[in-house]
Amino acid sequence: MKFYHLLAMVPAAFVILSSCSTTTKITSQFNDSETSPSHSGNLTERLVQSERHTLEGLAYYVTHDDTHLFIMVDFISARYYRLAREFGFTLYIDGKDDFNRSFGITYPTGLFYELGDYPGARKGFLEEPNWENFPENAAAMESARNNMGERALLIQRRSRRDDMRAAPVPVTQLHAQNLRLEMDTDEQRGRIAFAIPLEVRSTSQFSPEIGLGEEIDVGFEIDPIRLFDMESANAVPMTTSESASGRTRTGSGADEEQRERMQLIQRRIGERFSQWITVSLENPE
């Protein structure tokens, strides 16, 4: 059975929306050029001076000046941080007149996405608990860890009919277009900072097109399935702890093994994390 057919069998209960019944509403305070976290400075050091807000599993800070929206996320939950590292973390920004998920940026991209460069790696990563510890997979894991902070996945849709597929963009290219990303990581918790241009210009081509005084929707999401086309996952047989030892199963034993693998995938994917807030951008005029 192909990998993407397996994932299609994952019960919906394991991909559930984690959100509050009421949407949190905050105001982003305007900071002028002398006090705002300029895109040429250290975002994390400046953003901690903004008001701290919390949602389930994370804390966030929001401010803006006349050109950029600045958002920083601190992971309070070690579990959510692990899922963000494995499957990517997406920040969405939608103007009130926009459709849902019109602009989004995934950073880090996540180990699962980066392992797509290696045949069978995504399959093994999900299904085999010890896959990343096999010596033959060390190079793939090292490359994935290094690369997931070197590029981001960008969604910039101008129509509901536009494809939701995210395009990979090197972080250096984003920085050249005045969209800044910073990430501080350790094994237990992480911090991600974004400086998003408010409007599309010749020097800022990646933008949600929002303005001062506007009310916007901001989403924080970890979705192991939605961003990636599972049918592109290579179906080359993986090396598992069982096959590596020369053991195989047939008949009812194979069916039982298949059920066990499905349960493992369900546990690995876990819940879909999705939290949304409404932000009013203060206009100093």
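Below is a summary of the structure that appears in this document. Given the structure is predicted, the values throughout are model-derived calculations rather than measurements.

### Quick look at the environment of arginine 151
Turning to step 1, where the next piece is worked out: Take arginine 151: it is sitting in strand β8 (residues 151-156).
Turning to step 2, where the next piece is worked out: You can call arginine 151 partly exposed: its relative accessible area is 23%.
Turning to step 3, where the next piece is worked out: Sequence-wise, arginine 151 and valine 169 are 18 residues apart; in three dimensions their C-alpha atoms are separated by 5.5 Å.
Turning to step 4, where the next piece is worked out: With residues up to four places along the chain from it excluded, the contact list for arginine 151 reads Tyr107, Thr109, Tyr113, Glu114, Asp117, Pro168, Val169, Pro170 and Val171.
Turning to step 5, where the next piece is worked out: One polar contact links arginine 151 to glutamate 114, side chain to side chain, over a distance of 2.6 Å.

### Topic: the nonpolar core
Turning to step 1, where the next piece is worked out: Residues Leu69, Phe89, Ile105, Leu181, Phe194 and Phe220 are the most contacted members of the largest nonpolar core, which totals 54 residues.
Turning to step 2, where the next piece is worked out: When residues of this core are assigned to their parent elements, the largest contribution, five residues, is made by helix α3 (residues 78-87).
Turning to step 3, where the next piece is worked out: In this structure, phenylalanine 220 is in contact with Leu55, Leu58, Tyr60, Ile71, Val73, Phe89, Thr90, Leu91, Phe273, Ser274, Gln275 and Ile277, ignoring residues within four places of it in sequence.
Turning to step 4, where the next piece is worked out: Core analysis: the next-biggest nonpolar cluster, separate from the first, contains seven residues, Leu47, Tyr61, Met72 and Ala195 among them.

### Examining the packing of aromatic side chains
Turning to step 1, where the next piece is worked out: Considering all chains together, one arrives at seven aromatic pairs under this definition.
Turning to step 2, where the next piece is worked out: Following the ring pairs from residue to residue traces out a cluster consisting of Tyr60, Phe75, Tyr81, Phe89 and Phe220.
Turning to step 3, where the next piece is worked out: The ring of tyrosine 92 is capped by arginine 101, whose NZ or CZ atom sits 5.3 Å from the centre of that ring.

Conventions we followed
Residues numbered from 1 in each chain as written. Predicted model: local features only at pLDDT ≥ 70, side-chain atom pairs only at ≥ 80, totals over all residues. Heavy atoms only, no water. Helix = DSSP H or I, 4+ residues; strand = E, 2+ residues; numbered from the N terminus. Buried < 20%, exposed > 50% of the residue type's maximum accessible area, 1.4 Å probe, protein only. Contact = heavy atoms within 4.5 Å. Polar contact = N/O pair within 3.5 Å; in protein donor to acceptor, adjacent residues only side chain to side chain. Core = buried A, V, L, I, M, F, W, Y, C linked by side-chain atoms within 4.5 Å. Phe/Tyr/Trp six-rings, centres within 6.5 Å; stacked < 30°, edge-to-face > 60°. Lys NZ or Arg CZ within 6 Å of the ring centre and 35° of its normal.

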